[in-house]
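# Report on the structure
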Amino acid sequence: MAGKTSTRILVWDVPVRLFHWTLAVLLAVSYFTARAGGDWMNLHFWSGYAILTLLFFRIAWGFLGSTTARFSSFLKGPSAALAHLGHLLGRGRPRDAGHNPLGGAMVVVLILAVLAQAATGLFAADTDMGMVNGPLALKVADKWVERATDFHSFWINVLLILVGLHVLAVVFYLAWKRQNLIGAMFTGRKPADDVVEPGAAMPKLVFVSNRLAISLLLVSAALVYFIVRVGG
């Protein structure tokens, strides 16, 4: 049993791990630069563009990436989510190579929530900071700028709640189930006992070339550039 537990399996590819931690840093940068205002808003905008690039990349990687990165591998529906919840509340040990059904649902919710925040930021304006405009604010009617600004200001509170729930879930797994999800997202590896039942066959995981990830990231960056510079 000890030997089994000590065996670690690669479950997360480099692109997923870099996306996760880079997005976390950029969200913090965006939040604090918005609070600071003034000249910090330039960094706020660049951080927002970087976030939008990462989101476009992650959506594409969710269809074309490695096994555990694909939405099809962790979006299992309400019944699977309820079954996983039963494992959490009981004495059993959840075993998933990638995201579990509840965690997978949270991934999609967070992606869509951050996407909504970044998208409305393109159209928002803030007269309190010396008429700071998003790059597309002058392209739409004033009423839509007003709505985008109000949403952008309000939605950050929703994002903070979602991030808080995400952190609490990770702490819960660590404290209650003794599963270190943070470490796995750094190293890419999980103990075998966190992936399959002892004695069971290991899942077949396919890891896609990082060159495809770089290509998708460049395409995503070009798309954001087009939206901000050409579209603006």
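In this text the structure is predicted, and so the values were computed from the model without any measurement.

## Quick notes on the confidence of the model for the chain
Confidence in the prediction of the chain, expressed as mean pLDDT, is 90, and 94% of residues score 70 or more. Across residues 1-5, confidence stays below pLDDT 50; counting only partners more than four residues off in sequence or on other chains, it has 11 contacts.

## Things to note about the packing of helix α3 (residues 40-64) against helix α6 (residues 101-121)
Where α3 contacts α6, the axes come no closer than 10 Å and their chain directions differ by 145 degrees. You can see that α3 and α6 cross each other, and the crossing is left-handed. Of the residues in α6, those touching α3 at Ile 51, Leu 52, Leu 55, Phe 56, Arg 58 and Ile 59 are Ile 111, Val 114, Leu 115 and Ala 118. Class assignment of the residues belonging to the contact of α3 with α6 gives a composition of 9 nonpolar, no polar and 1 charged.

## A look at the nonpolar core
Of all hydrophobic cores here, the largest spans 28 residues; its most connected members are Leu 23, Tyr 49, Ile 51, Leu 55, Val 114, Leu 122 and Leu 162. For this core, the secondary structure elements donating two or more residues are α2 (14-36), α3, α4 (71-74), α6, α7 (142-176) and α9 (210-230). Here Leu 122 is in contact with Tyr 49, Leu 52, Gly 134, Pro 135, Leu 136, Ala 137, Ile 227 and Val 228, once residues within four sequence places are set aside. Ile 9, Trp 61, Ala 213 and Leu 216 belong to the second-largest nonpolar core, a separate cluster that totals 15 residues.

## Brief notes about the pattern of salt bridges
Oppositely charged side chains can form a pair if their charged atoms are brought close together. As enumerated under the stated definition, the model contains 1 salt bridge in all. Of the charged contacts, one joins Arg 95 and Asp 193 as a salt bridge, the two residues approaching to 2.9 Å between their closest N and O atoms. One end of the pair, Arg 95, is in the loop between α5 (78-89) and α6; the other, Asp 193, is in the loop between β4 (189-191) and α9, with 98 residues separating them in the sequence.

## Focus: unusual backbone geometry
The phi angle at Arg 178 is positive, at roughly 55 degrees, despite the residue not being glycine. Mapped onto the elements of the fold, Arg 178 is located in the loop between α7 and α8 (181-187).

## Some words on the packing of α2 against α3
Two elements in contact, α2 and α3, have axes separated by 9 Å at closest approach and are oriented at 155 degrees. Relative to α3, the element α2 is oriented roughly antiparallel. Seen along the crossing, α2 lies across α3 with a hand that is left-handed. A breakdown of the residues in the contact of α2 with α3 according to their chemical character gives 18 nonpolar, 6 polar and 1 charged.

## Some points on a nonpolar patch on the surface
A grouping of Leu 82, Leu 85, Leu 89 and Leu 102 is seen on the molecular surface, where their side chains present a nonpolar patch of about 390 Å² in accessible area. Of the residues examined, Leu 89 reaches a relative accessible area of 65% and is grouped as exposed.

## Points about the side chain of Ser 66
Among the secondary structure elements, Ser 66 is positioned in the loop between α3 and α4. Looking at Ser 66, the relative accessible area reads 0%, which means it is buried. A distance of 2.7 Å separates the side chain of Ser 66 from the side chain of Asp 13, its partner in a polar contact. Ignoring sequence-local partners within four residues, the contact set of Ser 66 consists of Asp 13, Trp 61, Val 206, Phe 207 and Val 208.

## Some points on the environment of Lys 143
With respect to the secondary-structure elements, Lys 143 resides in helix α7. Between the C-alpha atoms of Lys 143 and Asp 194, which are 51 residues apart in sequence, the distance is 51 Å.

## Thoughts on the environment of Leu 165
Its location among the elements puts Leu 165 in helix α7. Owing to a relative accessible area of 44%, Leu 165 belongs among the partly exposed residues under this scheme. Separated by 59 residues in sequence, Leu 165 and Met 106 have C-alpha atoms that sit 9.2 Å apart.

## Details of α2
Its 23 residues give α2 an end-to-end C-alpha distance of 33 Å, which sits within 8% of 33 Å, the value for a rise of 1.5 Å per residue. Looking only at α2, the buried set comprises Pro 15, Val 16, Arg 17, Phe 19, Leu 23, Leu 26, Ser 30 and Thr 33. Between the side-chain oxygen of the N-cap and the backbone nitrogen of Val 16 there are 2.9 Å, and the N-cap of α2 in question is Asp 13. Immediately downstream of α2, the backbone of Gly 37 shows phi near 65 degrees, a positive value.

How each quantity is defined
Residues numbered from 1 in each chain as written. Predicted model: local features only at pLDDT ≥ 70, side-chain atom pairs only at ≥ 80, totals over all residues. Heavy atoms only, no water. pLDDT = per-residue confidence, 0-100. Contact = heavy atoms within 4.5 Å. Axes fitted to C-alpha atoms, helices over the stretch in contact; angles between N-to-C directions. Helix = DSSP H or I, 4+ residues; strand = E, 2+ residues; numbered from the N terminus. Left-handed = near helix turned anticlockwise from the far one by under 90°. Nonpolar A, V, L, I, M, F, W, Y, C, P; charged D, E, K, R; others polar. Core = buried A, V, L, I, M, F, W, Y, C linked by side-chain atoms within 4.5 Å. Buried < 20%, exposed > 50% of the residue type's maximum accessible area, 1.4 Å probe, protein only. Salt bridge = Lys/Arg side-chain N within 4 Å of Asp/Glu carboxyl O. Parallel < 35°, antiparallel > 145°, perpendicular 65-115°, else oblique. Patch = residues over 30% accessible without salt bridge, like charges linked within 9 Å, V, L, I, M, F, W, Y side chains within 5 Å. Areas by Shrake-Rupley, 256 points an atom, 1.4 Å probe, with all protein chains shown as cover. Polar contact = N/O pair within 3.5 Å; in protein donor to acceptor, adjacent residues only side chain to side chain. Expected span 1.5 Å × (residues − 1).

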